[in-house]
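Tertiary structure, described
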Amino acid sequence: MEIPVYEGFVLAVTMIREAVDEFRRFQRDKEMNSQLYSKLTIRGKVQVKSSDIQVGDLIIVEKNQRIPSDMVFLRTSEKTGSCFIRTDQLDGETDWKLKVAVSCTQRLPALGDLFSINAYVYAQKPQLDIHSFEGTFTREDSDPPIHESLSIENTLWASTVVASGTVIGVVIYTGKETRSVMNTSNPKNKVGLLDLELNQLTKALFLALVALSVVMVTLQGFVGPWYRNLFRFLLLFSYIIPISLRVNLDMGKAAYGWMIMRDEHIPGTVVRTSTIPEELGRLVYLLTDKTGTLTQNEMIFKRLHLGTVSYGTDTMDEIQNHIINSYSQMFSQTSGNSTSSTPSRKSQSSTPKVRKSVSSRIHEAVKAIALCHNVTPVYESRAGVTGETEYAEVDQDFSDENRTYQASSPDEVALVQWTESVGLTLVNRDLTSMQLKTPGGQILTYSILQIFPFTSESKRMGIIVRDESTAEITFYMKGADVAMSSIVQYNDWLEEECGNMAREGLRTLVVAKKSLTEEQYQDFENRYSQAKLSIHDRTLKVAAVVESVEREMELLCLTGVEDQLQADVRPALEMLRNAGIKIWMLTGDKLETATCIAKSSHLVSRTQDIHIFRPVTNRGEAHLELNAFRRKHDCALVIAGDSLEVCLKYYEHELVELACQCPAVVCCRCSPTQKAHIVKLLQQHTGKRTCAIGDGGNDVSMIQAADCGIGIEGKEGKQASLAADFSITQFKHIGRLLMVHGRNSYKRSAALGQFVMHRGLIISTMQAVFSSVFYFASVPLYQGFLMVGYATIYTMFPVFSLVLDQDVKPEMALLYPELYKDLTKGRSLSFKTFLIWVLISIYQGGILMYGALVLFESEFVHVVAISFTALILTELLMVALTIRTWHWLMVVAEFLSLGCYVASLAFLNEYFGIGRVSFGAFLDVAFITTVTFLWKVSAITVVSCLPLYILKYLKRKLSPPSYSKLTS
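Residues numbered from 1 in each chain as written. Predicted model: local features only at pLDDT ≥ 70, side-chain atom pairs only at ≥ 80, totals over all residues. Heavy atoms only, no water.

1. A few points about the overall build of the chain
In plain terms, the rule: Numbering of helices and strands runs from the N terminus, with a helix taken as a DSSP run of H or I at least four residues long and a strand as a DSSP run of E at least two residues long. Here's how the labels work: a residue is buried when its accessible area is under 20% of the maximum for its type, exposed when over 50%, partly exposed in between, all with a 1.4 Å probe on protein chains only. Contacts were defined at the residue level, with two residues in contact if any of their heavy atoms lie within 4.5 Å. Accessibility throughout is a Shrake-Rupley quantity obtained with a 1.4 Å probe, and a residue counts as covered only by protein chains that appear here. Think of it this way: Lys and Arg go in the positive column, Asp and Glu in the negative one, and His and the chain ends go nowhere. A single reference atom marks each charge: NZ on Lys, CZ on Arg, CG on Asp, CD on Glu.
When helices and strands are tallied, the chain shows 33 helices and 32 strands. The burial tally for the chain puts 52% of its 968 residues in the buried class. Counting only contacts in the chain whose residues sit at least 6 apart along the sequence, the fraction spanning at least 24 positions is 72%. Here the chain displays about 44,300 Å² of accessible surface, and carbon together with sulfur accounts for 58% of that area. Charged side chains in the chain number 96 positive and 101 negative. The centres of these two groups are separated by 5 Å.

What follows is the structure, given as structure tokens:
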């Protein structure tokens, strides 16, 4: 039997394809592992590969280099003893994080002194949480020994990138113990739904094979060695089982992958897992990351609102003029009054509070924005020899071209860049002072007295500065409108304007100020430092002292910053929603921002309500919140990661059930593992296919957990696109990928799979009829070579050309995304369609065999030739019947196969006899060319195919599929 050879070929094709995928992955890993780093030893610097780094090594990481393993931060080249790192690959947040070096080692005079001290680091065992760390640093050779506690701000996690200066750290975790690896799940081999369905059908076919063989043996009447006959029948009918299905499908998948990569409408798309292109046609849930996937992650200052006037992008030049005028007036006043600047200040403060002019209000607002932040300007040294960032001293020129701003949030940078564009530039900043440059080029110096950093609880940040020239002390504050509305003096416009800006998709910040006298400040400072020293309830006491100052502040302005959406995100989301795909946004960002983007990207439509799930901590609260949410209809859900965790603990089923009914769900403040958990929950509870799309290292677990993972090559590096099954360059390409390629892959593979099954069934039916006519003899109808030829050379090309078939033009599929909904129901391949094909096969097989036997009583030797010829013709016609739109290659394939067959009739005539009887009776070519042969074959073929054509035509007329209504 030739079957084993064929089976071997099948497996080889599959194995080679998997091996190529694996090898590519191996190469990518190798590239990462062979990056070189400088390791510090007693003898100096040594280059090591990142795969050779061990715990306890001292590693030097330059600016813009990836940190190879988890380290404790010992030293930096920066004067301040701290540096910024980018953590976007770890948690998806693109703002820079400030890390502080261990002060004991930072104070050492030179690098080499790290080896002259006797110290050790204690670190806790490896943990999942990327936002916490506990450890101690102990130096033993000093008297007394120095103990320093290490927290998260002294650590440098692997996969983050150094954004400023050079850092030296001691390695504490490597390999599988690093935070980033512990937060990524092991990828599973993904198997498409179509493959699973075909496996089910193949099992059914196997049962049919066994049943048929048993029936045959029973009809024989269990005579003689019946079990031997049973096995002979099993072999004869083994063609029922479609072995070639795997090869055909694998080649089909390769072809789809090639088509996706060749599609010029979605350039740069890469198919990394070639096993699941059909999944793209069956998706119900799309889980997307926000930062960098829906948005470009570039902040742009859009609007300044002063209560009575609002300035947009087109009126910024007016602000610039106001600023230039007010500063030139100020300096002309001070230069005229050269003795001292105090009298002018006295006269200013004594004037009664008249309604201020617009000009002075703009002046105050811009100054507040330029001072109230946590941004540091950095200058790249012109020489560039040292490779370290030189901090600009006052005597250095603050040239604009090599200044960049560093901050932990891109919003703040946008604000400071905007003040620079209107004329007030931040030129220098250290821990105690800040310098601004006016449009006229003068430098204003402010000393920083206190900073109250932004926290997610307070939602605001404050700063107290003293103007060096006038000694005025001012408390500036900016924050979210929810937090600030109670702090500022009464006004009637703030809430309304904030709402307006949020609807435009802008992120709003309220800016306010309060002037303090020297006495007020001293009093505040005393109470503040006392509160900071208290041991019990320290945070509460400190907050209470700060709140005593945060009263009746003067509202200066409201700013709006836009996080620009990626190109064409709105139409893409619109199309996906129309296609019946439910979109969930999982992001590590803040609730306000997430809601804002959900609205501006039209993830939530304008008219929909948004239900914000209140923070819950225990079972009772979760129960109440879920009930409150249950009463709402057709509204989008916004839920924070920690509340989600609580609800899943107690009410997993209820929450998922409710969330699945929502048109859109936004989960904010999600950790990478949480994202993957949500994907798994959806798969378990709904059983529908999920797709995850993201662009950062924090999306990798989600992408690997989903049935189909799509990565975007973004600003946040390539980690996600390398781990994904499909990698695209822009979010908008996903529409075409699903609507066109997903649809085609699924439809084609379904047709291909069923056709291959039909091919095996029809020949088995003929064998069954043949055996039953000849007293249930277990004699093969066709010789081995004919069987192999039948499965490969005679019918392979036309059947495979179904891969080129398309039922709907791409433009149509994109125009009517509703067509996609039909696919998710999985009607192209189901037990119903399968049974129809089985009936067709039985009908055709029966007609072919009986027809051959009836028409050819006299020259019985010719039955084989006739039935086989009719069989091949039927197969070719059936392919033609299945095809929806013709492609020139299909026509070529049909004729090529026919040609091959006719040629083989002439050469391989010894096979067209029955069994060994006619082995000597060579088939005369004369018979094949006679008219009788031709008309008899044609008659049988017509009888086997014509009724099906008629049925197909009637079905098309009476119940046309949804796509044909569009194409007509």
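2. With respect to the sheet that holds strand β24 (residues 506–516)
Neighbouring strands of a sheet are bound in pairs by backbone hydrogen bonds; such pairs are parallel or else antiparallel. Going by this rule: DSSP-based pairing: two strands are paired if at least 2 bridges between them are found. A fitted line through C-alpha atoms represents every axis, and for helices the fit uses only the stretch in contact; the resulting angles, taken between N-to-C directions, go from 0 to 180 degrees.
Strands sit in the order β16-β15-β25-β24-β23-β22-β21-β20-β19 across an open sheet of 9 strands; the sheet is antiparallel. Both outer strands of the open sheet, β16 (310–311) and β19 (425–429), are each paired with one neighbouring strand and no more. As paired elements, strand β23 (residues 473–479) and β24 share 7 bridges and run antiparallel to each other. Opposite Lys478, over in β24, you have Val511 as the bridge partner. Against the sheet, helix α14 (residues 518–533) makes contact with β21 (443–452), β22 (460–467), β23 and β24, and its axis sits at roughly 35 degrees relative to β21, the strand it touches most.

3. Quick look at the domain arrangement of the chain
Rules: For the purposes of this description, domain bounds are those given by an automatic or database domain assignment. As a working definition, buried area equals the accessible area (1.4 Å probe) given up by two parts on being put together, with both sides summed. Criterion for a salt bridge: a side-chain nitrogen of Lys or Arg within 4 Å of a carboxyl oxygen of Asp or Glu. Nitrogen and oxygen atoms within 3.5 Å of one another constitute a polar contact, given that in protein one can donate a hydrogen and the other can accept it, and given that sequence-neighbouring residues count only through two side-chain atoms. In this classification, the charged set is Asp, Glu, Lys and Arg, the nonpolar set is Ala, Val, Leu, Ile, Met, Phe, Trp, Tyr, Cys and Pro, and all remaining amino acids, among them Gly, are polar.
Along its sequence, the chain is carved into domain 1 (35–183), domain 2 (193–242 + 744–965), domain 3 (285–297 + 565–735) and domain 4 (300–328 + 358–376 + 402–562). Using only C-alpha atoms to locate each centre, domain 3 and domain 4 end up separated by 33 Å. On the domain 4 side, the residues contacting the 5 residues of domain 3 number 6 residues. Of the roughly 630 Å² buried between domain 3 and domain 4 on both sides combined, carbon and sulfur atoms contribute 60%. Summed over the shared surface of domain 3 and domain 4, the number is 0 salt bridges. Summed over the shared surface of domain 3 and domain 4, the number is 0 residue pairs in polar contact (both at pLDDT 80 or more). Tallied by class, the residues present in the side of domain 3 that touches domain 4 amount to 1 nonpolar, 2 polar and 2 charged.

4. Concerning helix α32 (residues 931–958)
What counts, and what does not: The span expected for a helix works out to 1.5 Å for each residue beyond the first. Consider a residue and the seven residues that end there alongside the seven that start there; fitting an axis to each set, the bend is the angle between those axes.
The end-to-end C-alpha separation of α32 is 39 Å, in line with the 40 Å expected for 28 residues at 1.5 Å each. Of all the bends found along α32, the most pronounced is centred on Cys945 and spans about 30 degrees, while Pro947, a proline, follows it within four residues. Residues of α32 that are buried: Phe933, Lys936, Val937, Ile940, Thr941, Ser944, Cys945 and Leu948.

5. Re the state of the cysteines
As a reminder of what qualifies: By definition, disulfides here are pairs of cysteine sulfur atoms that lie within 2.5 Å.
Counting across every chain of the model gives 0 disulfides. With no disulfide of its own, Cys668 has Cys670 as its nearest cysteine by sulfur position, at a separation of 7.2 Å.

6. A word on the side chain of Arg460
Tracing the chain through its elements places Arg460 in strand β22. On the basis of relative accessibility, which here comes to 15%, the residue Arg460 falls in the buried class. In this structure Arg460 touches Phe452, Pro453, Phe454, Thr455, Met477, Lys478, Gly479, Ala483, Met484, Ile487, Glu547 and Glu550, once residues within four positions along its chain are discounted.

7. Some thoughts on the pattern of salt bridges
Here the structure, examined in full by the defined rule, presents 28 salt bridges. Its salt-bridge partner being Asp195, residue Lys253 comes within 2.9 Å of it at the nearest N-O pair. Pair noted here: Lys253 is in helix α7 (residues 244–262) and Asp195 is in helix α5 (residues 193–220), with a separation of 58 residues, a long-range link. Pair check on accessibility: Lys253 and Asp195 agree, each one buried. Across the pair Arg460 and Glu550 runs a salt bridge whose closest N-O atoms are separated by 3.1 Å. Within this pair, whereas Arg460 is found in strand β22, its partner Glu550 is found in the loop between α15 (538–549) and β25 (554–565), the two being separated by 90 residues in sequence. For the pair Arg460 and Glu550, a shared accessibility class is recorded, and that class is buried. If you follow the salt bridges from partner to partner, you end up with Asp195, Lys253 and Glu278 in one network.

8. Notes on the nonpolar core
Buried together is how nonpolar side chains tend to be arranged in soluble globular proteins. The condition that has to hold: Residues enter a nonpolar core if they are buried and are Ala, Val, Leu, Ile, Met, Phe, Trp, Tyr or Cys, with the set joined through side-chain atoms within 4.5 Å.
In terms of nonpolar packing, the biggest core is built from 81 residues, with Ile710, Phe726, Phe731, Ile734 and Leu738 touching the most fellow members. When residues in this core are grouped by element, the largest group, 13 residues, is from helix α23 (residues 733–773). When residues of this core are assigned to domains, at least three fall in each of domain 2 (193–242 + 744–965) and domain 3 (285–297 + 565–735). Beyond its immediate stretch of four places on either side in the chain, Phe726 contacts Ile260, Val270, Val271, Ile276, Pro277, Leu280, Cys708, Gly709, Ile710, Gly711 and Leu737.

9. As for the sheet that holds strand β10 (residues 155–156)
The sheet built from 6 strands is open, its strands ordered β2-β1-β3-β12-β4-β10 with antiparallel pairing. A single partner strand is all that each edge strand has here, and the edge strands are β2 (44–49) and β10. Taken together, the 4 bridges between strand β3 (residues 58–61) and strand β12 (residues 167–173) define a ladder with antiparallel strand orientation. Residue Leu58 lies in a different strand from β12, and its bridge partner there is Val170.

10. Some remarks on helix α18 (residues 619–630)
The following threshold applies: Taken from the helix axis, the directions to the C-beta atoms give the arc we talk about.
When the terminal C-alpha atoms of α18 are compared, their 16 Å separation across 12 residues agrees well with the 16 Å that a helix rising 1.5 Å per residue should span. Within the span of α18, buried status applies to Ala622, Glu625, Leu626 and Phe629. Seen from one end, α18 has its buried residues packed into an arc of 100 degrees, which puts them on one side. Contact partners of the buried residues in α18: β27 (609–612), β28 (635–640) and α19 (641–661).

11. Remarks on the confidence of the model for the chain
A low pLDDT means the predicted coordinates there should not be read in detail. Spelled out, the test is: What pLDDT reports is the predictor's confidence in each residue, on a scale of 0 through 100.
Overall, the predicted model of the chain reaches an average pLDDT of 84, with 91% of residues at or above 70. Under a pLDDT of 50 for its full length, residues 913–923 has, in the predicted model, 14 contacts with residues more than four places off or in other chains.

12. Focus on the packing of α18 against α19
Keep this limit in mind: Small angles under 35 degrees read as roughly parallel and large ones over 145 as roughly antiparallel, with 65 to 115 read as roughly perpendicular and the rest as oblique. Should the near helix be turned anticlockwise from the far one by less than a right angle, the crossing is left-handed, and should it be turned clockwise, the crossing is right-handed.
In contact at an axis separation of 9 Å, α18 and α19 are set at 15 degrees when each is read in the N-to-C sense. Considering the angle they form, α18 stands roughly parallel to α19. Remark: the crossing between α18 and α19 carries right-handed chirality. In this structure, α18 uses Arg619, Ala622, His623, Leu626, Phe629 and Arg630 to contact α19, whose residues at the interface are Val646, Cys647, Tyr650, Tyr651, Glu654, Leu655 and Leu658. Each residue belonging to the contact of α18 with α19 can be placed in one class, and the counts come to 9 nonpolar, 1 polar and 3 charged.

13. A word on the packing of aromatic side chains
The test is simple: Within 6.5 Å between ring centres, the rings of Phe, Tyr and Trp (the latter by its six-membered ring) count as paired, and their orientation is classed by plane angle as stacked under 30 degrees, edge-to-face over 60, tilted in between.
Considering all chains together, one arrives at 17 aromatic pairs under this definition. Arranged with centres 5.5 Å apart and planes meeting at 70 degrees, the rings of Phe755 and Trp837 form a pair that is edge-to-face. Linking Phe755 in helix α23 with Trp837 in helix α28 (residues 831–855), this pair joins segments that are 82 residues apart in sequence. Grouped by ring-pair contacts, the aromatic residues Phe452, Phe475, Tyr521, Phe524 and Tyr528 constitute a single cluster.

14. Considerations on a nonpolar patch on the surface
Rules: Each patch is built from residues lacking any salt bridge and having more than 30% relative accessible area; the joining distance is 9 Å for like charges and 5 Å for nonpolar side chains (Val, Leu, Ile, Met, Phe, Trp, Tyr).
On the surface, Leu877, Val942, Leu946, Tyr949, Ile950, Tyr953, Leu954 and Leu958 cluster together into a nonpolar patch covering about 780 Å² of accessible area. No other element matches the 7 residues that α32 contributes to the nonpolar patch. Among the residues examined, Ile950 registers a relative accessible area of 45% and is labelled partly exposed.

15. Focus on the packing of helix α29 (residues 863–882) against α32
Following both chains from N to C, one finds α29 and α32 inclined at 30 degrees, their axes separated by 9 Å at the closest point. Compared by their axis directions, α29 and α32 come out roughly parallel. The two elements α29 and α32 meet at a crossing, and its hand is right-handed. Residues Ala865, Ile866, Thr869, Ala870, Leu873, Thr874, Leu877, Met878, Ala880, Leu881 and Thr882 of α29 touch α32, and the partners they reach there are Phe933, Val937, Ile940, Thr941, Ser944, Cys945, Leu948, Tyr949 and Lys952.

16. Some remarks on the environment of Val309
Turning to its location among the elements, Val309 is positioned in the loop between β15 (295–305) and β16. Sequence separation between Val309 and Ala893 is 584 residues, and the spatial gap between their C-alpha atoms is 72 Å. Excluding its chain neighbours within four sequence positions, the residues that come into contact with Val309 are Leu304 and Val358.

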